[in-house]
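Here's the letter readout for the chains.
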Amino acid sequence: MLAPFKTPIYVTRPVFPDLADYTDQLRNIWESKQLTNNGSQHKKLETELAAYLGASHLKLFNNGTLALLLGLKALGLKGEVITTPFTFPATVQCLDWNQLTPVFCDIDPITLNIDADKIESLITEQTTAILAVHVFGNPCEVEKIQRIADKHNLRVIYDGAHVFGTEINGKPINSFGDMTMYSFHATKLFNTVEGGALAFKDAQMEQQLELLKNFGLLNAEQVVLSGLNAKMNELQAAMGIEVLKVVEVERRKRHELKKTYETHLAGIPGIRIITNLEGPASSYQYFVIEIDDSLYGRTRDELFNELAKFNIFPRKYFYPLCSDFSWYSHLESARPENLPFSRKLVHQVLSMPFYGELGTDAAEKICEIIRELHVEQKELLNFRK
């Protein structure tokens, strides 16, 4: 059996720019004497990101959660919103804070995205929007979702935390729906330490979003609506300016890691790769596998625990299901029989270590450990027979 890694291998590691380059940005901030409130760094990053992401309109926020929360607020939604239970808690928490009721729709067992074929049956007179998530960077069925939304006069919002820079058939992924939220948390391909953005189509939302993320202040003496403090500061923005310069290098490194994982996981019974896309169709945010214990010989949780013995720490994204939160258990859409694929796959999916500095040798070793754990278990079961 292979030896454990000497230092912990986590699911990801932040992408850092060159320290000297970031220090130069800090000098500019020190000279400007401005740390927040739409300074020069903020303006520059907002412009550069809009161009990079192909967004007609884009606003920065101090984190992705507040970007989504205030984006939903700006749309003036009421009632029910159809969404997925298989996502990070922030997605549905943003609905809570807008007094919106989630209606959970089961997921597609291949992509793990919301199953577009099941959305229409969940629409009621109270439905005002669809909040879908591009899970692990796999784009949703955007055209099918839009047809449903147009038919029923619904808004479409995408949680795009996993799809930074992704394209669908040559079009920026934020071209679809009314708005797309991006997360720039330290765990993401592109980060501003903490941060986020909204890409949106309606130019009339520009001022409203500016007001919402700055206490509703129209000027020093007028508060025209109830807002929050969701502004990105200059230190975050400066980090983003420099990280954006190295994103393509990181993408290339992750592409090589992806190929290494694919090559060395091939042929291991019970292992299916969820994140198959590459090139412009992929954000290279995650590398995710599904474990079928009837073929692999160990459950996802058992593999997770065994990998920890080797100093390898993947993540059980996204466990538990949002529909299992106690404050949603009373909802008809949260009933287990209504979410069969979600409930099955949440116990089978594992996000593997995936970041440029990991290196292909380490990725290969992780795969060999997974293979050896399967062989070891198979031999044990045969011995017991």
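What counts and how
- Residues numbered from 1 in each chain as written.
- Predicted model: local features only at pLDDT ≥ 70, side-chain atom pairs only at ≥ 80, totals over all residues.
- Heavy atoms only, no water.
- Buried < 20%, exposed > 50% of the residue type's maximum accessible area, 1.4 Å probe, protein only.
- Helix = DSSP H or I, 4+ residues; strand = E, 2+ residues; numbered from the N terminus.
- Polar contact = N/O pair within 3.5 Å; in protein donor to acceptor, adjacent residues only side chain to side chain.
- Contact = heavy atoms within 4.5 Å.
- Axes fitted to C-alpha atoms, helices over the stretch in contact; angles between N-to-C directions.
- Parallel < 35°, antiparallel > 145°, perpendicular 65-115°, else oblique.
- Left-handed = near helix turned anticlockwise from the far one by under 90°.
- Nonpolar A, V, L, I, M, F, W, Y, C, P; charged D, E, K, R; others polar.

**Student:** Mind showing me how you'd approach helix α3 (residues 64–74) here?
**Tutor:** Residues spaced three or four apart along an α-helix face the same direction, because each turn holds 3.6 residues. Burial analysis of α3 places nine of its 11 residues in the buried class, which makes it a mostly covered element. Restricting attention to buried positions, one finds in α3 the residues Gly64, Leu66, Ala67, Leu68, Leu69, Leu70, Gly71, Leu72 and Ala74.

**Student:** What is the right way to read the side chain of Asn62 from this model?
**Tutor:** Mapped onto the elements of the fold, Asn62 is located in the loop between β2 (57–61) and α3. For Asn62, a relative accessible area of 17% puts it in the buried group. Reaching out from Asn62, the side chain makes a polar contact with the backbone oxygen of Asn229 at a distance of 3.4 Å.

**Student:** Please explain the environment of Ala199 as it appears in this structure.
**Tutor:** As for its placement among the helices and strands, Ala199 is situated in strand β10 (residues 196–200). Filtering out sequence-adjacent residues up to four positions away, Ala199 remains in contact with Ala55, His57, Leu58, Asn174, Asp178, Met179, Thr180 and Tyr182.

**Student:** How do you make sense of the packing of α3 against helix α6 (residues 205–212) when you look at a structure like this?
**Tutor:** The description of two helices packed together rests on the angle between their axes and the distance between the axes. One can describe the packing of α3 onto α6 by two numbers: an axis separation of 10 Å at closest approach and a directional angle of 130°. The angle between α3 and α6 places the two elements in the oblique class. Here α3 runs over α6; the crossing is right-handed. From α3, Leu70, Gly71, Lys73 and Ala74 reach across to α6, where they touch Met205, Gln208, Leu209 and Leu212. For the contact of α3 with α6, the class distribution of residues is five nonpolar, two polar and one charged.

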